[in-house]
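A structural walkthrough
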Amino acid sequence: MDFKVEDTLYLQNIEEYVYDMDKIVTYKWLAMTLSVSFNEAARMLSAFVRRYSAPPPQKDPITVTYLVTGVSRDDCNGYIDKVVVSLAGEDELEGTYNLT
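These lines cover the structure that appears in this document, whether it is placed above or below. (Residues numbered from 1 in each chain as written. Predicted model: local features only at pLDDT ≥ 70, side-chain atom pairs only at ≥ 80, totals over all residues. Heavy atoms only, no water.)

Let's talk about the nonpolar core
Considering soluble globular proteins, one finds that nonpolar side chains tend to be buried as a cluster. To keep it simple, the criterion reads: By nonpolar core we mean a set of buried residues, namely Ala, Val, Leu, Ile, Met, Phe, Trp, Tyr and Cys, connected to one another through side-chain atoms within 4.5 Å. Only protein chains enter the accessibility calculation, which uses a 1.4 Å probe; a residue is then buried when its area is under 20% of its type maximum, exposed when over 50%, and partly exposed in between. In this description a helix means any DSSP run of H or I spanning at least four residues, a strand means any run of E spanning at least two, and both kinds are numbered starting from the N terminus. The criterion used for residue contact is that any of the two residues' heavy atoms lie within 4.5 Å.
One finds Ile14, Leu30 and Phe48 to be the most contacted residues of the largest nonpolar core, which totals 18 residues. The biggest single contributor to this core is helix 3 (residues 38–53), with 7 residues. When neighbours within four sequence positions are excluded, Phe48 is seen to be in contact with Leu11, Ile14, Glu15, Val18, Tyr19 and Ile62.

Structural notes on the packing of helix 2 (residues 27–34) against helix 3
Note the following rule: Simply put, an axis is a line fit to the C-alpha atoms, just over the touching stretch for a helix, and the angle between two N-to-C directions goes from 0 to 180 degrees. An angle below 35 degrees is read as roughly parallel, one above 145 as roughly antiparallel, one from 65 to 115 as roughly perpendicular, and any other as oblique. Crossings are assigned a handedness: left-handed for a near helix turned anticlockwise from the far helix by less than a right angle, right-handed for a clockwise turn. Residues are sorted three ways: Asp, Glu, Lys and Arg are charged, Ala, Val, Leu, Ile, Met, Phe, Trp, Tyr, Cys and Pro are nonpolar, and all the rest, Gly among them, are polar.
Axis separation between helix 2 and helix 3 bottoms out at 8 Å; the angle between their running directions is 115°. One element, helix 2, and the other, helix 3, form an angle in the roughly perpendicular class. By crossing handedness, the relation of helix 2 to helix 3 is classed as right-handed. On the side of helix 2, the interface is formed by Tyr27, Lys28, Leu30, Ala31 and Leu34, while helix 3 contributes Phe38, Ala41, Ala42, Met44 and Leu45. Within the contact of helix 2 with helix 3, the residues separate by chemical class into 9 nonpolar, no polar and 1 charged.

Observations regarding a nonpolar patch on the surface
What counts, and what does not: Exposure above 30% relative accessible area and no salt bridge define the residues that can form patches, which grow by joining like charges within 9 Å and nonpolar side chains of Val, Leu, Ile, Met, Phe, Trp and Tyr within 5 Å. Areas reported here follow the Shrake-Rupley algorithm with a probe of radius 1.4 Å; residue values treat only the protein chains shown as occluding. When a carboxyl oxygen of Asp or Glu lies within 4 Å of a side-chain nitrogen of Lys or Arg, that pair is called a salt bridge.
Together, Leu67, Val71, Val83, Val85 and Leu87 make up a nonpolar patch on the protein surface, roughly 530 Å² of accessible area in all. Of all the secondary-structure elements, those providing two or more residues to the nonpolar patch are strand 1 (65–73) and strand 2 (80–89). The greatest single-element share of the nonpolar patch, amounting to 3 residues, is contributed by strand 2. Relative to the helices and strands, Leu87 resides in strand 2.

Examining unusual backbone geometry
At Asp22, a residue that is not glycine, the phi angle is positive and equals roughly 55°. Looking at the secondary structure, you find Asp22 in the loop between helix 1 (5–20) and helix 2. One non-glycine residue, Ser35, lies in positive phi territory at about 55°. Following the sequence through the fold, Ser35 ends up in the loop between helix 2 and helix 3. On the accessibility criterion, Ser35 (66% relative accessible area) is exposed.

Such coordinate-based values are descriptive only and should not be taken to indicate function.
Have a look at this one:
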């Protein structure tokens, strides 16, 4: 991915929020704060995580937590049986796809 000047500035903003201001940064909060789309904010956060978790770590390690939601359907009638909500770290993310 080629970074443009504005991408670098956005990454610097995220770095300031995380390391200097000690903020918890979500894509929704970032989208509203920087006046960008949710997809663009998610892309920026993904780029930030790749950059700052790549060895050797540039700064203090960051922790990424995902909120995963879904529904479980009853096998007999197809109705929603329950709504599933889970918090997962990066190493636990794969296991959350099959929660019932």
